[in-house]
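# Understanding the architecture of this molecule
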Amino acid sequence: MADEKKFTRDEIALRNNKKDAVFIIENLVYDVTKFLDDHPGGHEVLMNVVGKDASEDFDDVGHSLDAKELMKKYLIGELVDEDKVVVKKRQMQWDDSATDAGSGGFLSSWKFPVVLGLLMTVLYTYLFG
Ligand code: HEM
(Lines give C-alpha, C1' and ligand atoms only; values in the text may rest on other atoms or scores of the structure.)
Protein backbone atom coordinates (compact mmCIF):
# COMPACT_ATOMS: atom_id res chain seq x y z
CA MET A 1 0.00 0.00 0.00
CA ALA A 2 2.11 2.80 -1.25
CA ASP A 3 -0.46 5.50 -0.63
CA GLU A 4 -1.50 4.36 2.81
CA LYS A 5 -2.95 7.22 4.77
CA LYS A 6 -4.46 7.75 8.18
CA PHE A 7 -7.93 9.24 8.50
CA THR A 8 -10.14 10.30 11.37
CA ARG A 9 -13.79 9.30 11.56
CA ASP A 10 -14.71 12.98 11.35
CA GLU A 11 -12.85 13.35 8.06
CA ILE A 12 -14.61 10.32 6.59
CA ALA A 13 -18.02 11.62 7.71
CA LEU A 14 -17.65 14.49 5.23
CA ARG A 15 -16.90 12.21 2.30
CA ASN A 16 -20.44 10.99 1.95
CA ASN A 17 -21.54 11.81 -1.57
CA LYS A 18 -21.44 10.37 -5.06
CA LYS A 19 -18.39 12.39 -6.02
CA ASP A 20 -16.48 11.41 -2.94
CA ALA A 21 -17.77 8.15 -1.57
CA VAL A 22 -15.69 6.77 1.27
CA PHE A 23 -16.47 4.37 4.10
CA ILE A 24 -14.82 2.40 6.83
CA ILE A 25 -14.75 -1.38 7.13
CA GLU A 26 -12.93 -2.84 10.10
CA ASN A 27 -10.74 0.21 10.66
CA LEU A 28 -9.72 0.36 7.02
CA VAL A 29 -10.81 3.16 4.71
CA TYR A 30 -12.20 2.52 1.23
CA ASP A 31 -12.85 5.00 -1.55
CA VAL A 32 -15.63 3.50 -3.66
CA THR A 33 -16.39 6.58 -5.76
CA LYS A 34 -15.42 4.71 -8.91
CA PHE A 35 -17.00 1.48 -7.76
CA LEU A 36 -20.52 2.76 -7.05
CA ASP A 37 -21.93 1.82 -10.44
CA ASP A 38 -20.01 -1.44 -10.62
CA HIS A 39 -21.04 -2.83 -7.24
CA PRO A 40 -23.06 -6.02 -7.84
CA GLY A 41 -25.23 -5.12 -4.84
CA GLY A 42 -26.09 -1.75 -6.40
CA HIS A 43 -25.02 1.79 -5.63
CA GLU A 44 -27.92 2.53 -3.25
CA VAL A 45 -26.63 0.23 -0.53
CA LEU A 46 -23.21 1.79 -0.77
CA MET A 47 -24.66 5.31 -0.69
CA ASN A 48 -26.42 4.37 2.56
CA VAL A 49 -23.13 3.86 4.29
CA VAL A 50 -20.76 6.39 2.74
CA GLY A 51 -19.17 8.58 5.36
CA LYS A 52 -19.86 5.88 7.93
CA ASP A 53 -18.55 2.68 9.39
CA ALA A 54 -19.93 -0.02 7.11
CA SER A 55 -18.32 -2.97 8.89
CA GLU A 56 -21.58 -4.49 10.07
CA ASP A 57 -23.51 -3.91 6.84
CA PHE A 58 -20.67 -5.38 4.85
CA ASP A 59 -20.50 -8.40 7.10
CA ASP A 60 -24.26 -8.94 7.17
CA VAL A 61 -24.25 -9.51 3.42
CA GLY A 62 -21.72 -12.29 3.76
CA HIS A 63 -19.56 -11.09 0.90
CA SER A 64 -17.62 -13.71 -1.03
CA LEU A 65 -13.86 -14.10 -0.94
CA ASP A 66 -13.82 -12.58 -4.42
CA ALA A 67 -15.53 -9.48 -3.03
CA LYS A 68 -12.96 -9.28 -0.24
CA GLU A 69 -10.20 -9.57 -2.79
CA LEU A 70 -11.79 -6.81 -4.88
CA MET A 71 -11.99 -4.49 -1.86
CA LYS A 72 -8.22 -4.18 -1.78
CA LYS A 73 -8.44 -2.22 -4.99
CA TYR A 74 -10.39 0.53 -3.24
CA LEU A 75 -8.39 0.65 -0.03
CA ILE A 76 -6.95 4.11 0.54
CA GLY A 77 -5.73 3.87 4.11
CA GLU A 78 -6.78 3.28 7.68
CA LEU A 79 -8.16 5.09 10.69
CA VAL A 80 -5.91 6.92 13.08
CA ASP A 81 -5.21 4.75 16.10
CA GLU A 82 -7.45 6.84 18.38
CA ASP A 83 -10.48 6.17 16.18
CA LYS A 84 -9.96 2.46 15.73
CA VAL A 85 -12.26 -0.05 17.33
CA VAL A 86 -11.51 -3.59 18.33
CA VAL A 87 -12.57 -5.70 15.39
CA LYS A 88 -15.04 -8.32 16.53
CA LYS A 89 -14.48 -11.82 15.27
CA ARG A 90 -17.89 -12.89 14.13
CA GLN A 91 -16.83 -16.26 12.88
CA MET A 92 -17.17 -19.26 15.11
CA GLN A 93 -13.83 -20.38 16.34
CA TRP A 94 -13.91 -23.77 17.90
CA ASP A 95 -10.24 -23.70 18.61
CA ASP A 96 -10.62 -20.37 20.31
CA SER A 97 -8.04 -19.74 22.96
CA ALA A 98 -10.85 -19.60 25.53
CA THR A 99 -11.59 -23.31 25.13
CA ASP A 100 -8.08 -24.40 25.79
CA ALA A 101 -7.46 -21.77 28.41
CA GLY A 102 -5.32 -23.21 31.11
CA SER A 103 -4.22 -26.13 28.99
CA GLY A 104 -0.74 -25.42 30.23
CA GLY A 105 -1.97 -25.76 33.79
CA PHE A 106 -1.09 -28.87 35.72
CA LEU A 107 -4.64 -29.76 36.78
CA SER A 108 -6.08 -29.81 33.28
CA SER A 109 -3.18 -31.53 31.59
CA TRP A 110 -2.67 -35.28 31.18
CA LYS A 111 0.01 -35.21 33.85
CA PHE A 112 -2.45 -34.83 36.69
CA PRO A 113 -4.24 -38.20 36.32
CA VAL A 114 -0.95 -39.94 35.64
CA VAL A 115 0.71 -38.55 38.75
CA LEU A 116 -2.44 -39.28 40.76
CA GLY A 117 -2.43 -42.87 39.50
CA LEU A 118 1.22 -43.35 40.46
CA LEU A 119 0.60 -41.87 43.87
CA MET A 120 -2.33 -44.20 44.49
CA THR A 121 -0.26 -47.22 43.41
CA VAL A 122 2.57 -46.30 45.77
CA LEU A 123 0.11 -45.65 48.60
CA TYR A 124 -1.71 -48.95 47.96
CA THR A 125 1.54 -50.93 47.92
CA TYR A 126 2.72 -49.20 51.08
CA LEU A 127 -0.51 -49.78 52.98
CA PHE A 128 -1.45 -53.28 51.83
CA GLY A 129 1.70 -54.68 50.33
C1 HEM B 1 -15.27 -2.05 -1.25
C2 HEM B 1 -16.31 -2.65 -0.66
C3 HEM B 1 -17.22 -3.66 -1.34
C4 HEM B 1 -16.94 -4.52 -2.36
C5 HEM B 1 -15.63 -4.71 -3.12
C6 HEM B 1 -18.17 -5.26 -2.62
C7 HEM B 1 -18.29 -6.24 -3.58
C8 HEM B 1 -19.43 -6.99 -3.80
C9 HEM B 1 -19.51 -8.12 -4.69
C10 HEM B 1 -18.37 -8.67 -5.56
C11 HEM B 1 -20.78 -8.61 -4.61
C12 HEM B 1 -21.35 -9.84 -5.36
C13 HEM B 1 -21.57 -10.96 -4.38
C14 HEM B 1 -20.29 -11.45 -3.73
O15 HEM B 1 -19.31 -11.72 -4.45
O16 HEM B 1 -20.26 -11.50 -2.49
C17 HEM B 1 -21.50 -7.75 -3.69
C18 HEM B 1 -22.83 -7.90 -3.36
C19 HEM B 1 -23.51 -7.14 -2.46
N20 HEM B 1 -22.97 -6.17 -1.65
FE21 HEM B 1 -21.08 -5.49 -1.74
N22 HEM B 1 -19.16 -4.83 -1.78
C23 HEM B 1 -18.62 -3.85 -0.98
C24 HEM B 1 -19.26 -3.16 0.03
C25 HEM B 1 -20.56 -3.34 0.39
C26 HEM B 1 -21.22 -2.65 1.48
C27 HEM B 1 -20.55 -1.65 2.41
C28 HEM B 1 -22.52 -3.10 1.50
C29 HEM B 1 -23.64 -2.71 2.42
C30 HEM B 1 -23.83 -1.52 2.85
C31 HEM B 1 -22.67 -4.05 0.43
C32 HEM B 1 -23.83 -4.71 0.11
C33 HEM B 1 -23.97 -5.66 -0.85
C34 HEM B 1 -25.23 -6.33 -1.17
C35 HEM B 1 -26.58 -6.04 -0.54
C36 HEM B 1 -24.93 -7.24 -2.18
C37 HEM B 1 -25.92 -8.15 -2.90
C38 HEM B 1 -25.94 -9.50 -2.26
C39 HEM B 1 -26.87 -10.42 -3.01
O40 HEM B 1 -27.28 -10.11 -4.11
O41 HEM B 1 -27.13 -11.50 -2.45
N42 HEM B 1 -21.47 -4.19 -0.23
N43 HEM B 1 -20.65 -6.79 -3.20
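Further up the page is the structure itself.
Parameters at a glance
- Residues numbered from 1 in each chain as written.
- Predicted model: local features only at pLDDT ≥ 70, side-chain atom pairs only at ≥ 80, totals over all residues.
- Heavy atoms only, no water.
- Donors = N, O, S within 2.8 Å, 3.2 Å for Na, K, Ca; no water.
- Tetrahedral: all angles 85-135°; square planar, octahedral: opposite > 155°, others 65-115°.
- Helix = DSSP H or I, 4+ residues; strand = E, 2+ residues; numbered from the N terminus.
- Buried < 20%, exposed > 50% of the residue type's maximum accessible area, 1.4 Å probe, protein only.
- Near = heavy atom within 4 Å.
- Polar contact = N/O pair within 3.5 Å; in protein donor to acceptor, adjacent residues only side chain to side chain.
- Nonpolar A, V, L, I, M, F, W, Y, C, P; charged D, E, K, R; others polar.
- Salt bridge = Lys/Arg side-chain N within 4 Å of Asp/Glu carboxyl O.
- Pairing = 2+ DSSP bridges.
- Phe/Tyr/Trp six-rings, centres within 6.5 Å; stacked < 30°, edge-to-face > 60°.

Here the focus is the coordination of the iron atom of the ligand. Looking at the metal site, the iron atom of the ligand is ligated by H39 (NE2) and H63 (NE2), spaced 1.9 to 2.0 Å from it. Each of the 6 donor atoms bound to the iron atom of the ligand contributes to angles spanning 85 to 179°, and the resulting shape is octahedral. Within this pair, whereas H39 is found in the loop between β4 (28–31) and α2 (43–49), its partner H63 is found in the loop between α3 (55–61) and α4 (65–71), the two being separated by 24 residues in sequence. Exposure remark for H39: the relative accessible area of 13% places this residue in the buried category. Residue H63 is classed as partly exposed on the basis of its relative accessible area of 21%.

As a further point, take the site of the ligand. The immediate surroundings of the ligand are formed by 18 residues, with H39, G41, L46, H63 and S64 found nearest. H39 is positioned such that a nitrogen or oxygen atom in its side chain is 2.7 Å from a nitrogen atom of the ligand. Contributing elements (two or more residues each) for the shell around the ligand: α2, α3 and α4. A per-class count over the shell around the ligand returns 13 nonpolar, 4 polar and 1 charged.

Turning our eyes to something else, we now look at the pattern of salt bridges. If you walk through the whole model with that rule in mind, you get 8 salt bridges. As a salt-bridge pair, D31 and R15 come within 3.9 Å of each other at their nearest N and O atoms. Of this pair, D31 sits in strand β4 while R15 is found in the loop between α1 (9–14) and β2 (16–17), placing the two residues 16 residues apart along the sequence. Within the structure, one salt-bridge network assembled from shared partners comprises K6, E78, D81 and K84.

What follows deals with the sheet that holds β2. Taken in spatial order, the 5 strands of this open sheet run β1-β5-β4-β3-β2, and their pairing is mixed. Strand pairing shows two members of the sheet lacking a second neighbour, β1 (5–7) and β2, which therefore form its edges. Taken together, the 2 bridges between β2 and strand β3 (residues 20–25) define a ladder with antiparallel strand orientation. Bridged to N17 within β3 is D20.

A word on the packing of aromatic side chains. Describing an aromatic ring pair means giving the distance of the ring centres and the angle of the ring planes. Applying the stated criterion across every chain yields a total of 3 aromatic pairs. A centroid spacing of 6.4 Å and a plane angle of 45° characterise the contact between F23 and Y30, whose relative ring orientation is tilted. Judged by relative accessible area, which is 6%, F23 ranks as buried.

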